[in-house]
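Reading the structure
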Amino acid sequence: MTSEPGSGGSPFAGTADAGLAPAAAEGDHDLRMLFGRSSAVFASMAGPAHMLENANATFFTTIGGPERARTGVPLGQLMPELVEQGFIALLDRVYRTGVAYTGREVRVVLGEGSQARETFFDFTYEPRLDSGSNVTGVRLIGVETTQVKQAQRLAAEHRALLEQIARQAPLPDVLDGMARVIEELAPEEVLVSVLLADPDGLHLRHGAAPSLPAFYNEAIDGIATGDGVGSCGTAAHRRQPVIVSDIGTNPFWEDFRDLAVKAGLAACWSTPILARDGSLLGTFAMYHRVPRSPQEADLALARVFASTAALAVERHLAEEARRTAEAREKAARDDLAFLLDASTHLSTDLNAAQTFQRLAQTCMPRLAPLCAVDVVEEGRVRRISTAAPTQRERDLLATHIPVYDAVDDAVARVLASGTTEIARRTPTGPGPWHELKVTGYLCVPLLDRGRAFGTMTLLSTGEHTFDGHTVALAEELARRASSAARNARQYTHRAALARDLQAGLLLPDLPRVPGAEVATYYHPAGEGLDIGGDFYDVFPLEDGSWAFMLGDVCGRGAIAATTTALVRHTVRAVAPLLPGPTAVVEAINRALINRPSSHGTGFVTLIYGRLTPTDAGLDLELVRAGHGLPLHLDAGGRVHPVEAAGSLLGIGPHPRLTARHLHLRPHESLVLHTDGITEARRADGEQFGEDRLAHALTDCPPHADAQAVLDALTGAVHAFTGDRGIDDDQAVLVLTATHPAG
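Our subject in this report is the structure included herewith. Values in this document were obtained by computation on a predicted structure and should not be read as measured data.

Glancing now at the overall build of the protein chain. Along the backbone of the protein chain there are 21 helices and 27 strands. Expressed as lengths along the three principal axes of its C-alpha atoms, the size of the protein chain is roughly 170 × 65 × 55 Å. Within the protein chain, the fraction of its 742 residues that count as buried is 47%. Nonlocal contacts in the protein chain, meaning residues at least 24 apart in sequence, comprise 60% of its contacts between residues at least 6 apart. Summed over its atoms, the accessible surface of the protein chain is roughly 35,200 Å², and 53% of this surface lies on carbon and sulfur atoms. Each charge sign in the protein chain was given a centre, from 66 positive and 91 negative side chains, and these centres are 2 Å apart.

What follows is the structure, given as structure tokens:
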């Protein structure tokens, strides 16, 4: 504790009791000061007028000091306030009856007017008797219990405050209640103030001061901590109590003296509120209307309630830290959930334009009221998507197109620098900013391998502003959107490449074969990004016959496409030069054996043949090289497997091959298929199989054309598999003989 010049000094300096630690001894001493020491009073009165004959010094001190230190006067005249409170009547009764009267913790108001004070006494009125047992007067013996009573009430209120702290009552309620308790129970008028320290400990903020004028609380809210800055600023700076007994003369109050006079304050005792680690939490101040120095009990009271305030503030700060940590954790979870949901939303459709449209929709209103996405295409900026609360605002945003090379355009600057730009004003350059009531913007680049190919512009309106958290979230969202858009563009390019390459390996249009109808079906497995391994072809030969084939390359993708192209081009090159299907297939095998290893090493299954139109239908010669059996659907609706032995191609130099001759009469069909048809599965894993294939063909109507046969077969497969996707490519080639006139 520090006693400052002009304070009149302090009458108290605490010492530790022997055998106790200093902190424990100091706390025990403070409690003894609060409970005080009771003093006995004695007075002797004579006669029915209760003439005061004798009294001890404590009696006179208690009833009012030297001004009332008189004997030889009736007690009711010396202390007229006792008459109205009924104590003179009690004396009369004891004098009259000779029966003593005892009171416990009786409330007695001593003094009158502004000098009156509340006290409590345990006392006894007992009769004075002469030798003949006659009552000659009344004797008063009492003990003042005011301090004990006040201490008990303080202890009860203190316990209630601790219970409030334990229940985590709001800090303002605890501090306000503590201040009111002290003001109510203090023996003399006192005005309590609690100031709370800023986190940096350099300023003090209003905490509680229920009886100080509002203008005074507002004036000292935020005062700096420092030596000579009033009682509280100095106590906070020195980390020890500062007693100013007379504000009017103390130099610490030079800058605040007029304010104190206006508030009617003449003394201020301030005690720092310190945490367990010694850091500053605030100050606890007791103001007085008149200059006054503290007694031991006053200082003990200040220490007890300063420690209580420290407990409340520390509990409050710990709870705030917990809530802040929980809020940050929740915010982090919310951000993560937002980004995960946005990533899923952005990747729903592998289409770059749809990705950017979803990006704008995702930003509004979570990140900003308005959003626009611009992308550079062919050297120009194109506004690809917008998001706003109303259609009118969306239309206004959509009509504004930034200029790619304009130096006064935020989008152009971000595209050039590849860095985020933020401002609390409208964007530079022309735009519908006034109509949209824009107050700020955040422009984030969309990057692909470090190069900006577009921007995401967020626009604020009204009171909305962009903070660091929003900027970080927007940049992460832009990064994910850029990745999703890049994947979408790559998928689009790959899908287009796959379609183009696949189209180059299949017939663009079915040829018109004399005396025959041709129907084909091709369905690749998967997402369509890989080239399928199934292929077919029908082309004319110089002698008037036609070559046909259907096969399956082991594997998928570019290597399979290379092998497919090798087979098809080899067939078309050698078929006009070689005598029959067997020689053609042997040439295909040699080509496969001799291919570079980088072009694949997988085998090939194949059915290759020639058909020749005749007046009676179609003459066919075919070779089967490891492929599934062709099926002959006759005019009666019966199905016959076409047996023809043959080994896989691309395995060895001399495949075993057997040519098979077949004649198709009008309305009869030859059906070639890959194993993707027979191995098609439904949900339970069962395959379509050869039997269902044959049954689907027998169900065809009589004299069905090639397309009807194909539709019956594919329809049966689709009905079997349902919505389940296919695991392997599917290809079918149907050749149907027509009537010679056809």
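The subject of this paragraph is unusual backbone geometry. In this chain, methionine 364 is followed by proline 365 through a cis amide linkage whose omega measures 5 degrees. The residue proline 365 is located in the loop between helix H12 (352-363) and strand E13 (370-377) in this model. With a phi angle near 60 degrees, histidine 50 is a residue other than glycine that sits in the positive phi range. By secondary structure assignment, the location of histidine 50 is in the loop between strand E2 (40-46) and strand E3 (51-55).

Counting 35 residues, the largest nonpolar core has Leu175, Met178, Ile182, Phe284, Met286 and Phe305 as the members making the most contacts within it. Every element with two or more residues in this core is listed here: helix H6 (146-166), helix H7 (171-185), strand E7 (191-197), strand E11 (267-274), strand E12 (280-288) and helix H11 (296-346). Looking at this core element by element, the count peaks at 10 residues for H11. Among all residues touching leucine 175, those that are not within four sequence positions of it are Val194, Leu196, Gly207, Ala208 and Ala309. Membership of the second largest hydrophobic core comes to 32 residues, among which are Leu339, Cys371, Leu446 and Met456.

The next point concerns H12. The terminal C-alpha atoms of H12, which comprises 12 residues, lie 17 Å apart, in line with the 16 Å expected from a rise of 1.5 Å per residue. Those residues of H12 lying buried are Ala352, Thr355, Phe356, Arg358, Leu359, Ala360, Thr362 and Cys363.

Of all 11 residues making up strand E17 (residues 451-461), 9 are buried, and the element is well covered by its neighbours. Note: E13 against E17, 6 bridges, orientation antiparallel. Following the sheet pairing, valine 375 is matched in E17 by glycine 454. In this sheet, E17 lies alongside strand E16 (residues 438-448) in antiparallel orientation, the contact comprising 10 bridges. Bridge assignment links proline 445 to a residue of E17, and that residue is threonine 455.

Here the focus is the environment of glycine 72. Within the secondary structure, glycine 72 is located in the loop between helix H2 (57-63) and helix H3 (75-78). In this structure, the C-alpha to C-alpha distance between glycine 72 and lysine 330, residues 258 residues apart in sequence, is 81 Å. Setting aside residues up to four positions removed in sequence, glycine 72 forms contacts with Met51 and Leu52.

Let us now look at the packing of H11 against H12. Between H11 and H12, whose axes approach to 9 Å, the crossing angle comes to 150 degrees. In terms of orientation, H11 lies roughly antiparallel with respect to H12. The chirality of how H11 crosses H12 is right-handed. Seen from H11, the contacting residues are Phe338, Ala342, His345 and Leu346; seen from H12, they are Thr355, Arg358, Leu359, Gln361 and Thr362.

In this section: the sheet that holds E3. Read across the open sheet, the 5 strands follow the order E3-E2-E6-E5-E4; overall the sheet is antiparallel. Whereas interior strands pair on both sides, the edge strands pair on one side only; in this sheet they are E3 and strand E4 (101-110). Going from strand to strand, the sheet's axes swing by 30 degrees on average, the running direction of each strand aside. Two elements, E2 and E3, share 4 bridges in a ladder whose sense is antiparallel. When the bridges of E3 are listed, serine 44 appears paired with asparagine 54.

Our next topic: a nonpolar patch on the surface. Residues Phe603, Leu648 and Ile651 make up a contiguous nonpolar surface patch of about 250 Å² in total accessible area. The topology assignment puts leucine 648 in the loop between strand E24 (639-641) and strand E25 (659-664). Judged by its relative accessible area of 32%, leucine 648 falls in the partly exposed class.

An ideal rise of 1.5 Å per residue puts 21 Å on 15 residues; H7 measures up with 21 Å between its terminal C-alpha atoms. Buried residues of H7: Leu171, Val174, Leu175, Met178, Ala179, Val181, Ile182, Glu183 and Leu185, and no others.

Pairing in this open sheet of 5 strands is antiparallel, and the strands run E19-E20-E21-E22-E25 from one edge to the other. Of all strands in the sheet, those bounded by a partner on one side alone are strand E19 (534-540) and E25. Taking each pair of neighbouring strands and ignoring which way they run, the sheet shows an average axis angle of 15 degrees. Note: strand E20 (residues 546-553) against strand E21 (residues 604-614), 8 bridges, orientation antiparallel. Bridge pairing links leucine 550 to isoleucine 607 in E21. On the sheet, helix H17 (residues 557-574) packs against E19, E20 and E21 and is oriented at approximately 20 degrees with respect to E19. Most of the contacts of helix H18 (residues 581-594) go to E21, to which it runs at about 150 degrees, and overall it touches E21, strand E22 (617-625) and E25.

Parameters at a glance
Residues numbered from 1 in each chain as written. Predicted model: local features only at pLDDT ≥ 70, side-chain atom pairs only at ≥ 80, totals over all residues. Heavy atoms only, no water. Helix = DSSP H or I, 4+ residues; strand = E, 2+ residues; numbered from the N terminus. Buried < 20%, exposed > 50% of the residue type's maximum accessible area, 1.4 Å probe, protein only. Contact = heavy atoms within 4.5 Å. Areas by Shrake-Rupley, 256 points an atom, 1.4 Å probe, with all protein chains shown as cover. Lys, Arg positive; Asp, Glu negative; His and termini not counted. Charge placed at Lys NZ, Arg CZ, Asp CG, Glu CD. Core = buried A, V, L, I, M, F, W, Y, C linked by side-chain atoms within 4.5 Å. Expected span 1.5 Å × (residues − 1). Pairing = 2+ DSSP bridges. Axes fitted to C-alpha atoms, helices over the stretch in contact; angles between N-to-C directions. Parallel < 35°, antiparallel > 145°, perpendicular 65-115°, else oblique. Left-handed = near helix turned anticlockwise from the far one by under 90°. Patch = residues over 30% accessible without salt bridge, like charges linked within 9 Å, V, L, I, M, F, W, Y side chains within 5 Å. Salt bridge = Lys/Arg side-chain N within 4 Å of Asp/Glu carboxyl O.

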